[in-house]
Structures are given as C-alpha cells and as structure tokens.
Amino acid sequence: MAERSIRSLAFRSLLGGFALGTMGLLAVSQGGAQAIGGHNSDAPVSYAADRIELQDKANRVVLSGNVDIQQGDLRLRAARTTVAYTDEGSLKIQRIDATGGVLVTRGSESARGDVAIYDFNQRIITLAGGIGLRRGSDTLNGGRLVIDLKSGLSSIDGRGAPGGTGRVSGTFQVPKRSN
C-alpha cells in the first residue's frame, strides 16, 4: 500500500512538472501559442523543490520552496506551484498556479510576474503582478497579461505595473535600414 502511494506521488509530481513546463512555454511568448514551434514538448522534464506534497483528497500536487522545472531549453522558477487535476480513470490537469517571483525563460526570452495561472479548461494563461516580458533587447512591462489560447488574443494592461505607473510600457529595437 505504501509503495503504491509513493508511486502515485511520483507519477503525479512528474505529470505536474510536465504541465508546468507547458505553461511556461506558452507564457514566455508575447504572441502566445506562436512560440510553441521550436519547443520539444516530448523532452524529459526535470524538477526540484524543497518540498513536494500530494494532497490526494483535494486532487492536487503542491511544489514549494525554490521550485525549478526544466524541459529542454525552457525553465520555470517560482516559490510555489499548485497543480490541480481530476482522477476519473486517467489523470487530467485542470489548473496550474505558480506564485512568488515567477520567472519563465527560454533562450533570450523571459517572462516574470508575481503570479501565473494556466486554466486548462478555459485555455487561458494569466500572468499578473509587475509583469515583464523580454525578447533579446525588446521589453514589455505591465500589470497583467492574459493569453486566450482558443481565440489567439493576448492583452496586457497597466494596473499593477512596475513602478506604480498604471501604464503598459516597453522598448523595441528598430532594424537598421540598408541604403
């Protein structure tokens, strides 16, 4: 019986790590799902945390303390992540919440914020709380980013933006023109 519980925890933790890697991939893209192209979602997922807890009756896995999840060149770091699932014959991820200094990186791209939420049922990713997106030297800052994977619409607003400006801001490099 105890061996089954340990296997169950390991399996659900691995499943949660894979789902978090997927969330990170989508959140790092300013354009949403367009960034998926170069990522190998079949690559092994490695994860580490100070503590991993299976809350079986609540159908969730909680990773806490220096959470670090990596799949290929994609990396998600946060203080805490919670993976909610259903277990009706097969495990299905319902929602992932990452909190506390969320940072997602992939190559020269990064996304940071206080909170990241991926609602699998609604197919909506939300990054909130002093968000900053970076691709190379281009930046975009705001308070909340919402990516609707069904419609392909992404929006950012300034409420809760860094520096208390209440505005969306950023910089981008203009390509040099040849004469």
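That block above? That's the structure.
In this report, we go over the structure that sits alongside the text. (Residues numbered from 1 in each chain as written. Predicted model: local features only at pLDDT ≥ 70, side-chain atom pairs only at ≥ 80, totals over all residues. Heavy atoms only, no water.)

What follows is about the environment of aspartate 97. Among the secondary structure elements, aspartate 97 is positioned in strand S5 (residues 91-106). Linking aspartate 97 and valine 62, residues 35 residues apart in sequence, is a C-alpha distance of 9.5 Å. When near neighbours in sequence (up to four residues on either side) are disregarded, aspartate 97 contacts Arg80, Thr81, Thr82, Ala116 and Ile117. A distance of 2.9 Å separates the side chain of aspartate 97 from the side chain of arginine 95, its partner in a polar contact. (Helix = DSSP H or I, 4+ residues; strand = E, 2+ residues; numbered from the N terminus. Contact = heavy atoms within 4.5 Å. Polar contact = N/O pair within 3.5 Å; in protein donor to acceptor, adjacent residues only side chain to side chain.)

Let us look at unusual backbone geometry. One non-glycine residue with positive phi stands out, namely asparagine 59, at about 55°. One can find asparagine 59 in the loop between strand S2 (51-55) and strand S3 (60-71). Non-glycine residue asparagine 66 carries a positive phi angle of around 50°. With respect to the helices and strands, asparagine 66 occurs in strand S3.

The subject of this paragraph is the pairing of S3. Pairing geometry for strand S1 (residues 45-48) and S3, over four bridges, is antiparallel. Paired with valine 45 across the bridge in S3 is glutamine 71. Here S2 pairs with S3 via five bridges, running antiparallel. Opposite isoleucine 52, over in S3, you have leucine 63 as the bridge partner. Bridge analysis of S3 against strand S4 (residues 74-87) gives ten bridges, and the strand direction is antiparallel. Bridging across to S4, arginine 60 finds its partner in alanine 84. Here S3 hands over to S4 after two residues, with glycine 72 in that stretch at a positive phi of 60°. (Pairing = 2+ DSSP bridges.)

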